[in-house]
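Residues per chain, in single letters:
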Amino acid sequence: MISKILVAVDGTLSGDRALDFGLALAEKYSASVLILNVLDAPVYSTTADPIIVVADTALLIKDLRKVHENLIAKAAEHAATVKPGLSVTTELKEGNPPDQIVLTATEGNFDIIVMGHGDEGKARKLFLGSTSERVAHIAQCAVLIVK
């Protein structure tokens, strides 16, 4: 039985399709949904003045956080519009996306993770694998990858 669904969204088309699939699945099983987005903050290594780098990085992260907050608010608004009767919550986390998705699913005792097939660049996929592949390998619950 499916009673708790974690839907990971990232602002991509496949992430949007995953949200719609997760909402339809939740409606079918009368499950609750957590819409999760993970901010993967950039890390810089430079020989520049550390004070300037820290200030610039803090501003960048603040701007990125705002973008991610808007993304998750838009996803929640979409969920409320298309499936108004569902119990939907949202959460924004920072860190490595696959690790944070799996940690959230494990700590929250989710039955399934629904996410889009990664839209990462070819070089990143070649060396690191896609986020969805990494989640599928380390998650202890079911993972449904939507293309």
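Residues numbered from 1 in each chain as written. Predicted model: local features only at pLDDT ≥ 70, side-chain atom pairs only at ≥ 80, totals over all residues. Heavy atoms only, no water.

1. So, the nonpolar core
One recurring pattern in soluble globular proteins is that nonpolar side chains are buried together.
Point 1. Counting 20 residues, the largest nonpolar core has I5, V7, V9, L19, V33, I35 and V114 as the members making the most contacts within it.
Point 2. Those elements giving two or more residues to this core turn out to be strand 1 (4-8), helix 1 (13-29), strand 2 (32-39), helix 2 (50-82) and strand 4 (112-116).
Point 3. Once residues within four sequence positions are removed from consideration, V9 is found in contact with G15, L19, I35, L36, N37, L71 and A75.
Point 4. Formed by 14 residues, the second largest nonpolar core is a distinct cluster that contains L6, L34, I101 and A139. (Core = buried A, V, L, I, M, F, W, Y, C linked by side-chain atoms within 4.5 Å. Buried < 20%, exposed > 50% of the residue type's maximum accessible area, 1.4 Å probe, protein only. Helix = DSSP H or I, 4+ residues; strand = E, 2+ residues; numbered from the N terminus. Contact = heavy atoms within 4.5 Å.)

2. What about the pairing of strand 4?
Point 1. Of all five residues making up strand 4, five are buried, and the element is well covered by its neighbours.
Point 2. A two-sided burial pattern is seen for strand 4, the buried positions comprising I112, V114 and G116 on one face and I113 and M115 on the other.
Point 3. Direction of pairing for strand 4 relative to strand 5 (residues 142-146): parallel, over a ladder of five bridges. Bridged to I112 within strand 5 is A142. (Pairing = 2+ DSSP bridges.)

3. Regarding the pattern of salt bridges
Point 1. Per the counting criterion, the structure on display carries four salt bridges.
Point 2. Between K83 and E27 there is a salt bridge, with its nearest N and O atoms 2.7 Å apart. One end of the pair, K83, is in the loop between helix 2 and strand 3 (88-94); the other, E27, is in helix 1, and 56 residues separate them in sequence.
Point 3. Note that E91 and K93 form a salt bridge whose closest N and O atoms lie 3.7 Å from each other. (Salt bridge = Lys/Arg side-chain N within 4 Å of Asp/Glu carboxyl O.)

4. Points about the packing of aromatic side chains
Point 1. A complete count under the given rule lists zero aromatic pairs for this structure.
Point 2. One cation-aromatic arrangement involves K4 over F110; the distance from NZ or CZ to the ring centre is 4.7 Å. (Phe/Tyr/Trp six-rings, centres within 6.5 Å; stacked < 30°, edge-to-face > 60°. Lys NZ or Arg CZ within 6 Å of the ring centre and 35° of its normal.)

5. Some details on the sheet that holds strand 2
Point 1. With parallel pairing, five strands are arranged side by side in an open sheet as 3-2-1-4-5. What marks the edges here is a single partner per strand, and that holds for strand 3 and strand 5. Looking at each pair of strands side by side, their axes are set apart by 25 degrees on average, direction ignored.
Point 2. Alignment of strand 1 against strand 4, held across four bridges, turns out to be parallel. (Axes fitted to C-alpha atoms, helices over the stretch in contact; angles between N-to-C directions.)

6. Side note on unusual backbone geometry
Point 1. For S30, which is not a glycine, the phi torsion comes out positive at approximately 55 degrees.
Point 2. The residue S30 is located in the loop between helix 1 and strand 2 in this model.
Point 3. Positive phi is not limited to glycine here, since N109 has a value of about 50 degrees.
Point 4. Structurally, N109 is set in the loop between helix 3 (97-107) and strand 4.

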